[in-house]
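# Coordinates in review
Listed here are the chains, written in short residue letters.
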Amino acid sequence: MTALNHVPSLLGRTGAVSALTLAVVGGTVAAPGLTSEAEAATHGTKALKIAASKKGSPYSYGAVGPNRFDCSGLTLYSYKRTGKKLPRTAAAQYNKTRHISKSQRSRGDLVFFHSGRNVYHVGIYAGDGRIWHAPKRGTVVRLEKIWTKNVWYGRVR
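Now for a look at the structure at hand.

What counts, and where the lines are drawn
Residues numbered from 1 in each chain as written. Predicted model: local features only at pLDDT ≥ 70, side-chain atom pairs only at ≥ 80, totals over all residues. Heavy atoms only, no water. 1 Å grid on protein atoms, 1.4 Å probe; cavity = no way out; pocket = protein on both sides within 12 Å on 5 of 7 lines; lining within 4 Å. Points joined across faces, edges and corners; volume = space filled by probe spheres on them. Nonpolar A, V, L, I, M, F, W, Y, C, P; charged D, E, K, R; others polar. Helix = DSSP H or I, 4+ residues; strand = E, 2+ residues; numbered from the N terminus.

On to the layout of surface pockets. Considering only enclosed or pocket space, the largest pocket measures out at about 180 Å³ in volume. Lining the largest pocket are Lys-102, Arg-105, Gly-129, Lys-145, Ile-146, Trp-147, Thr-148, Lys-149, Val-151 and Tyr-153. For the lining of the largest pocket, a count of residues per class yields 4 nonpolar, 2 polar and 4 charged.

Apart from glycine, the bulk of residues carry a negative phi angle, and the bulk of peptide bonds sit in the trans form. Look at the link from Gly-65 to Pro-66: it is a cis peptide, with omega at 10°. With respect to the helices, strands and loops of the structure, Pro-66 is situated in the loop between α3 (34-53) and α4 (71-80). Notably, Asp-128 is not glycine yet its phi reads approximately 55°, a positive angle. By the secondary structure assignment, Asp-128 is in the loop between β3 (118-127) and β4 (130-133).

None of this, on its own, says anything about what the molecule does.
Structural data, given as structure tokens:
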């Protein structure tokens, strides 16, 4: 009898089982939410690397790659390459993500710049208060420090 076969009996005796108990027993069932967070982190890390690989690509309004981007085009392209689908605009991307606090942010999360309730720009969090983004006409995809406190964070599900 394998350790996994003991999971139902653990559940039956206690009514619940912790992720730690499963790890000790050798089970493969994860606690709710843990798998999706790990998966989100993996997609985020991959999307971050893809965005960074586009360093120097020219900004072009409405462009979604592979050689030219606007801000939401870069995030859409980067996540699409990881198998995740995002809407086209920064505001629609914000509405599609799981909203998180600054203290919860991690590399690969999206950073949304806003004025009041209006989202006007998006980039991919690179750590240390920096983002990869396609800033504006006449610029290129680059790594830059977040320049304002008027940001919200979102995690792609």
